[in-house]
Amino acid sequence: DQTIVLDTGRSGIVHAVAFHPDRKHLLSGGSDGIQRWRLSDSQEVSKQTGTSVCTISVSRDGKWIACGTKEGANVWDGEIREKVIDVEGGDIVYAVDVSVADLTRFAPSLTSNNFHL
């Protein structure tokens, strides 16, 4: 067993983490955005700032990254370079999930006791 410590260099708190299905990357989400890390050398691979991430989920095929934020929810491509879905609901999203390659299912759970499919 090996313990990996990532020095995120974040200015804020890490609220969520998710392992990428390739088992080579880890995603972290927090008050200053999303970061993707390479586990072999603990290096940041990519990041997006400007939103406060409360929860994060990765599709089983690794093509999509879903984030619940303080303003709604969104889905990014697997490299977190392009936002492909943006749901602005004004509610904090505490749970989110996304389907495989076809992106036909995206389910953010809103604090108003409902969710969107």
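Described in the following lines is the structure provided in the data block. (Residues numbered from 1 in each chain as written. Predicted model: local features only at pLDDT ≥ 70, side-chain atom pairs only at ≥ 80, totals over all residues. Heavy atoms only, no water.)

**Topic: the sheet that holds strand E1 (residues 14-19)**
Our working definition: When DSSP finds two or more bridges between two strands, those strands count as paired. A run of H or I in DSSP becomes a helix once it reaches four residues, and a run of E becomes a strand once it reaches two; helices and strands are each numbered from the N terminus. Each axis is a line fitted through C-alpha atoms, taken for helices only over the stretch in contact, and angles between the N-to-C directions span 0 to 180 degrees.
Pairing in this open sheet of four strands is antiparallel, and the strands run E1-E2-E3-E4 from one edge to the other. For this open sheet the edge positions go to E1 and strand E4 (43-48), each flanked by a neighbour on one side alone. When strand polarity is set aside, the average angle formed by the axes of neighbouring strands in this sheet is 20°. Inspection of the sheet shows strand E2 (residues 25-30) paired to strand E3 (residues 33-38) by six bridges, in the antiparallel sense. Within E3, the position partnered with leucine 26 by the bridge is tryptophan 37.

**So, the nonpolar core**
Filter applied, for reference: Side-chain atoms within 4.5 Å link the members of a nonpolar core, which is a set of buried Ala, Val, Leu, Ile, Met, Phe, Trp, Tyr and Cys residues. Burial classes follow relative accessibility: with a 1.4 Å probe on protein chains only, a residue under 20% of its type's maximum area counts as buried, one over 50% as exposed, and anything between as partly exposed. Contacts were defined at the residue level, with two residues in contact if any of their heavy atoms lie within 4.5 Å.
Ala16, Ala18, Leu27, Ile34, Val53, Ile56, Val58, Ile65, Cys67, Trp76 and Ile80 form the largest nonpolar core, which has eleven residues in total. Going through the elements one at a time, E1, strand E5 (53-58) and strand E6 (64-69) are the ones with two or more residues in this core. Element by element, the count of residues in this core is highest for E5, at three residues. Apart from the residues within four sequence positions on either side, alanine 18 is in contact with Leu26, Leu27, Ile56 and Val58. By size, the runner-up hydrophobic cluster in this structure holds seven residues, among which are Trp64, Val75, Val93 and Val96.

**Considerations on the sheet that holds E5**
Either a parallel or an antiparallel arrangement is found when strands of a sheet pair, and the pairing is made through backbone hydrogen bonds. In space, the four strands of this open sheet follow the order E5-E6-E7-E8, with antiparallel pairing throughout. Edge positions in the sheet fall to E5 and strand E8 (83-88), since each has one partner strand and no second. In this sheet, neighbouring strand axes are inclined to one another by 15° on average, regardless of whether the strands run parallel or antiparallel. Pairing of strand E7 (residues 72-77) with E8, which is carried by five bridges, proceeds in the antiparallel orientation. When the bridges of E8 are listed, glycine 72 appears paired with glutamate 88.

**Some details on the pattern of salt bridges**
Condition: By definition, a salt bridge exists where a carboxyl oxygen of Asp or Glu is found within 4 Å of a side-chain nitrogen of Lys or Arg.
The full count for this structure, using the stated rule, is five salt bridges. Measuring nitrogen to oxygen at the nearest pair gives 3.4 Å for the salt bridge that ties glutamate 79 to arginine 36. You can see glutamate 79 sitting in the loop between E7 and E8 and its partner arginine 36 sitting in strand E3, a full 43 residues away along the chain. By relative accessible area, arginine 36 is classed as buried at 3%. Its salt-bridge partner being aspartate 41, residue arginine 38 comes within 3.0 Å of it at the nearest N-O pair. On the accessibility criterion, arginine 38 (33% relative accessible area) is partly exposed. Residues joined by salt bridges that share partners form a network here, namely Asp22, Arg36, Glu79 and Arg81.

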